[in-house]
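The chain contents come next:
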Amino acid sequence: MNMRKLISGLEVTGIYVVVLIMMAIVILPLLFTVGSSLTQGTSMLSSRMFPANPTLDHYKWLFTDPESYYLIWYKNSLIVGAFTCLFAVAITTLTAYAFSRYRFVGRRYGLYTFLLLQMFPSLMAMVAIYVLLMVVGLIDSLAGLIIVYVGGQIPVNTWLVKGYFNTISRELDDAARCDGAGHLRVFFKILLPLAKPILVVVALGSLMAPFMDFVLPKIILRDINNYTIAVGLFQFINSAFAQFTNNFTRFAAGSVLIALPISMVFLFLQRYFIAGLTSGATKG
Amino acid sequence: MLVRNFSAHSPAVAAGLSIIPGLGQLYNRQWMKGAFFLLFTAACYFLFADFMNIGLWGIWTLGTLPGTDHSLWLLVKGIISVLLLLIFVVYYAINLVDAWKEARRLQSGALPESFRDRASSVWNKGFPYMLVLPGTLLLVFIVALPLIFMICLAFTDYSLYNSPPRKLLHWVGFANFRALLDMPMWKDTFFGVFSWTLIWSLLASTLQIGLALMLAVFVNDPRIRFKRLIRTVLILPWAVPSFVTIMIFSALFNNEFGAINRDVLQPLGLYVPWMTDVWSTRGALLIINTWLGYPFLFAIFTGVLQSISADLYEAATVDGGNRMQKFRFITMPHLMYALGPILVLIYAGNFNNFNLIYLFNQGGPPVLGQNAGGTDILISWVYKMTFTTQNYNMAAAVSIIIGLLTVLFSYYHLRKMAAFKEEGQRS
C-alpha cells in the first residue's frame, strides 16, 4: 500500500514539474515583452524582464511623439475592422437565411461551392489579388483591404451562421407566417434576435481581423499612413534604419497595447469558443 | 373575366418566338413579363456588347499593340466577359424554358395568371435568390475572379522583364510548369522547397498534437489541483495575436542580441546561430510553432476529456482493467474521434503557415544556388517571387500547385465528415 502511495506521489510531482516548466515557457516570453516595454532606452540589449527603473516613456512616445504613427495605424485598423464587421454581418446573415430556410434551385451546389472556396487558402490568390487591385487602382487603400476581407470571410461565416440558424426551430417561423409575417419580418423579428450569440462571434471575428492579420495588409498597403497595426509594428523593427537594436522597447510597448485587449476579449470568450469546438467535434 | 380557350396554343411556337427573349412571353399573353424580357435583353446588349467584344478578343490575343493594349486589363475584362456570357446563357435558357412551360400550361386549359398573382409568386420564389445575390456577387468578384485570374497568369509570360503596359503578355501553355520540373534554376529550388514544406507540415503538426495531448491528459488527472489557473495560463499563446509573438520570438532568437543566446545558452557555454544556419532556423521555427499551435488542440482535448462519462471508467475498473488499458481503450479513442475532423485544419494550416516563416526571418537564411531561403515553404516562396523577384507567372504556377494539393487533401478528408454527408442527403 505504501509503495502505491509513493508511486502516486511521484507521478503527481512529475506532472506538476512538467506543467510548471510548460507554464514558464509560456509566460517568460510574454513577461519579457512587458518588461522590455518598461525598460529605459530603446535598445534590445538593455531590455530586461524586470527593469531596474521601470518607465512609461515608450507608451507616452507612441501616443505623443510627432514621429510616431501609432495612433494613425490604430485608427486605420479600427476603420477597416468596423466596416468589415458591418458588411460581413449583413451579407453573411442574409445568405445564411436563404440557405437555411429556403429550398431553391442551385442551393445544394451553392453550399458545395462555398465549402470548396473555403478550402482555398486566401493567401494562394495573393499574386492575383495584388495585380487585380493594382489594375483597378485600389492598391494602397483601406477600401481595397475592406473589400478583400468582406469577400474572403463569406464562405466560412455563412456555413457557421447557417449551422446556427438550422438549430432554431422552424415552427417559430411557421407560426409567425401564419400570423401574417413576411419573409423579411421573419428574418428580422425571429431569426436575428435568436441568433445573437453567433452574430457576436462573426462580428467580433471580423472586427478583430485587421488587428491580427498581417499578410493582406502587407500585400495591399504601401504608404506608412495607410498601415494597419500589424504591418506598422513589423515596419517598426524591420525598416532599414530601425532594427531590433534601436527600436525594440517601443515595439514592445506597441505590442503590449494591441495584445492586451485582444487577449482579454479572447480569454473572456474562450469558454464559448471551446464549447462550440468540442460540441462540433463530438456531435459531428 | 372573359373565358378564352387556349387549346390551339403551341409550346413550340412560344419557345421558337423566345429566340428573341420576350416575344414568346408576349405570345403567352404575359404582357408585363414579355416587355421586361425584351427591355432587359436590349439593355444588356447595349451595355455589354462592346465590352464583351473587346473582352473576348482580349482574352484570346492578350493585345496586339505593345504600349497601347494593356494585357492585364484585357485579361481581366476577358474573364469578366466570360463570366457575363455564362450568366447570359443561363438567362437565355430560363427564358426559353419559361416560354415553353407557360404555353404548355395555357394549352392544357389553365387561365393566364393575373399580374398581381404573378408578382406575388415572383416575390416568393425569387426571394431566396435576392438574399443570396449580394454575397454571391462579392464571392465571384473577390474570391473567384482572383482565383481564375491567377490560374490564367500561370499560363502567361508575365514577369519583371515582360510586364504591361510597355510589353504584351502571351499565352505560353504549360511552359512555366515545365520550367519548374526541368529547368535547373527552378527545379532545384522547387524540389528543395517542396520537400521541406512536406517535412515541415508533418513535423510541426505532430509536435503540436503530441504536446497538446500530453498536457491535456496530465492536467485532467484528478489528483492535480488549480486546474482552472493552469488551463488559463496554458491557453495564453492562443489568446495573444500570433504576429506579435512571432516578432517577439524573432527578437529573442536573434544571434547576438537575443535573450536566448545571451541569457540562457551563454551561461551554459553554448551558442546557436538561430538566424544564419538552415537547420538551426528550422529547429527554432518548430519550437515557436509548437508554442503557438498547441493551445488550440489542448483546449479541444480538454473539452473531450471532461465530456467522457465517468461510468465508462468505473465499468472498466469493475472488469479489472488497469490504467494503461483504460487509457488505451477509453481515453484515446475519444480523443482521436475529436481530432479527426480538425486534423486537416492543422495540416493545411501548417502547410500554408506564411506568417511564421515570413515574420521570423523572411524565410532565410539564404541558400547557395537557390532563389528561395532555407526555411521558405511554398507559400512564402510564392510571396518572394511576387514581391521581390516579380516572377508573377512562376508564382502563379506554384500557387496552383499549392491550391490543388490543399483542396485535394481537404476534400478527401472532409468527405468523411459527418456534417458534410448529412447536409448532402438532406437537401
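Here the structure is a predicted model, which means the values were calculated and not measured.

Visitor: Quick rundown of the overall build of chain B? Include the residues and the values.
Guide: Helix and strand counts for chain B come out as 17 helices and zero strands. Relative to the globule expectation of 22 Å for 427 residues, the C-alpha radius of gyration of chain B, 31 Å, shows a markedly less compact shape. Over its C-alpha atoms, taken along the principal directions, chain B stretches across nearly 100 × 70 × 35 Å. Taking all 427 residues of chain B together, the buried fraction comes to 49%. In chain B, of all internal contacts separated by at least 6 residues, the share reaching a separation of at least 24 is 65%. A total accessible area of about 21,200 Å² is found for chain B, and carbon and sulfur atoms account for 70% of it. Here chain B holds 29 positive side-chain charges and 19 negative ones, and the gap between their average locations is 6 Å.

Visitor: Please set out the overall build of chain A residue by residue, giving values where relevant.
Guide: Along its length, chain A carries 12 helices and zero strands. Sequence-ordered secondary structure for chain A, helices as α and strands as β, is α-α-α-α-α-α-α-α-α-α-α-α. Taken over the C-alpha trace, chain A has a radius of gyration of 24 Å; the compact-globule value for 284 residues is 19 Å, which it surpasses by more than 25%. C-alpha atoms of chain A, sized along the principal axes, occupy 75 × 70 × 35 Å. Burial analysis of chain A (284 residues in total) assigns 50% to the buried set. Of the contacts made within chain A by residues no fewer than 6 positions apart, 70% connect residues no fewer than 24 positions apart. Just so you have it, chain A exposes about 13,300 Å², and 69% of that area is on carbon and sulfur atoms. Taking the 20 positively charged and 11 negatively charged side chains of chain A as two groups, their mean positions are separated by 9 Å.

Visitor: Describe in detail the confidence of the model for chain A, supporting the description with residues and values.
Guide: Residues and elements named next belong to chain A. Chain-level pLDDT for chain A is 84 on average; 92% of the residues reach the 70-or-more range. When mean pLDDT is taken per element in chain A, helix α3 (residues 70-101) scores highest with 93 and helix α12 (residues 244-283) scores lowest with 73. Low pLDDT (under 50) marks residues 280-284, which in the prediction has six contacts with non-local residues, meaning those over four places away or in another chain.

Visitor: Outline the pattern of salt bridges, supporting the account with residue identities and numerical values.
Guide: In this structure the tally under the stated criterion is eight salt bridges over all chains. A salt bridge links B:Asp376 to B:Lys384; the nearest nitrogen and oxygen atoms lie 2.6 Å apart. On the basis of relative accessibility, which here comes to 2%, the residue B:Asp376 falls in the buried class. Salt bridges here are not isolated pairs; linked through shared partners, they connect A:Glu11, B:Asp221, B:Arg223 and B:Arg323.

Visitor: Account for the nonpolar core, naming residues and giving values.
Guide: One finds B:Phe149 and B:Trp381 to be the most contacted residues of the largest nonpolar core, which totals 186 residues. Setting aside chain neighbours within four positions, we find B:Trp381 in contact with B:Leu180, B:Trp186, B:Thr189, B:Phe190, B:Val193, B:Asn371, B:Ala372, B:Asp376 and B:Val398.

Visitor: Lay out the environment of A:Thr33 with the relevant residues and their values.
Guide: Relative to the helices and strands, A:Thr33 resides in helix α1 (residues 2-38). On the basis of relative accessibility, which here comes to 6%, the residue A:Thr33 falls in the buried class. Each C-alpha atom, one on A:Thr33 and one on A:Pro193, is 42 Å from the other, the two residues being 160 residues apart in sequence. Excluding residues that lie within four positions of it along the chain, A:Thr33 makes contacts with A:Ala252, A:Val256 and B:Ile248.

The rules we used
- Residues numbered from 1 in each chain as written.
- Chains lettered and ligands numbered in written order.
- Predicted model: local features only at pLDDT ≥ 70, side-chain atom pairs only at ≥ 80, totals over all residues.
- Heavy atoms only, no water.
- Helix = DSSP H or I, 4+ residues; strand = E, 2+ residues; numbered from the N terminus.
- Rg over C-alpha atoms; globule rule 2.2 N^0.38 Å.
- Buried < 20%, exposed > 50% of the residue type's maximum accessible area, 1.4 Å probe, protein only.
- Contact = heavy atoms within 4.5 Å.
- Areas by Shrake-Rupley, 256 points an atom, 1.4 Å probe, with all protein chains shown as cover.
- Lys, Arg positive; Asp, Glu negative; His and termini not counted.
- Charge placed at Lys NZ, Arg CZ, Asp CG, Glu CD.
- pLDDT = per-residue confidence, 0-100.
- Salt bridge = Lys/Arg side-chain N within 4 Å of Asp/Glu carboxyl O.
- Core = buried A, V, L, I, M, F, W, Y, C linked by side-chain atoms within 4.5 Å.

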